Amino acid sequence: MPPGSRMACAAYDGVPEGFAANPRAGMVLVRGGTLVLGSKHGYREEHPSGSVRVPDFYIDRTEVTNAQFARFVAATGYVTLAERSGTAPVFDRHAEPDVEYGWWRMARASRLSPDGNAQLPAGNEPVVQIAFEDAFAYAGWLGHDLPSEAEWEWAAR
């Protein structure tokens, strides 16, 4: 199966080869450069504010999967913010928009039941219902850090 094919993606278990042994498994080196953060499209606070130098850095090739996050939970016993609080915001495009929250509603949702319907997501899908503190804990467990805003924008471009 060629990498990236539908069959290869469907067969992927969600854990990069060498995940347990290689701290850079599933990551790619992004060569640094200079960028102007932001965009002229969107909110005023998102408009460009000057250029930033981004050094070389490593970033995951894909989003963190349910399978990867499950290994972290199994190894550490970590409980996510959504699991501790019992609720998380869920986007509901079929609902009548609320004045305060728009199409978002609070539900008994977590990484194990992303939209509150108690359906366990596939291991190769991106983990969702993860708060910043959860992502930070996961990255720290791997000896990594979360990308800065400049690194994220540079990699995305």
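Residues numbered from 1 in each chain as written. Predicted model: local features only at pLDDT ≥ 70, side-chain atom pairs only at ≥ 80, totals over all residues. Heavy atoms only, no water.

Undergrad: With reference to specific residues and values, describe a nonpolar patch on the surface.
TA: Together, Phe91, Tyr101, Trp103 and Trp104 make up a nonpolar patch on the protein surface, roughly 480 Å² of accessible area in all. Within the secondary structure layout, Phe91 lies in strand β5 (residues 88-91). A relative accessible area of 45% places Phe91 in the partly exposed class. (Patch = residues over 30% accessible without salt bridge, like charges linked within 9 Å, V, L, I, M, F, W, Y side chains within 5 Å. Areas by Shrake-Rupley, 256 points an atom, 1.4 Å probe, with all protein chains shown as cover. Salt bridge = Lys/Arg side-chain N within 4 Å of Asp/Glu carboxyl O. Helix = DSSP H or I, 4+ residues; strand = E, 2+ residues; numbered from the N terminus. Buried < 20%, exposed > 50% of the residue type's maximum accessible area, 1.4 Å probe, protein only.)

Undergrad: Can you break down the pairing of β5 residue by residue, with the values?
TA: Alternating residues of β5 divide into Ala88 and Val90, all buried, and Pro89 and Phe91, none buried. Here β5 runs beside strand β6 (residues 104-107); their pairing, made up of four bridges, is antiparallel. Residue pairing in the sheet places Pro89 in a bridge with Met106 of β6. (Pairing = 2+ DSSP bridges.)

Undergrad: Hey, could you go over the environment of Thr34 for me, with residue numbers and the actual values?
TA: Locating Thr34 in the fold gives a position in strand β2 (residues 33-36). The sequence separation of Thr34 and His47 amounts to 13 residues, and the corresponding C-alpha distance is 17 Å. Not counting the four nearest positions on each side in its chain, Thr34 is found in contact with Ser51, Val52, Arg53 and Trp154. (Contact = heavy atoms within 4.5 Å.)

Undergrad: Can you break down helix α4 (residues 132-141) residue by residue, with the values?
TA: Listed as buried for α4 are Asp134, Tyr138 and Ala139. In an axial view of α4, the angular spread of the buried residues amounts to 130°, which keeps them on one side of the axis. One or two residues past the end of α4 sits Gly143, with phi positive at roughly 80°. (Arc of directions from axis to C-beta.)

Taken by themselves, the reported measurements are silent on function.
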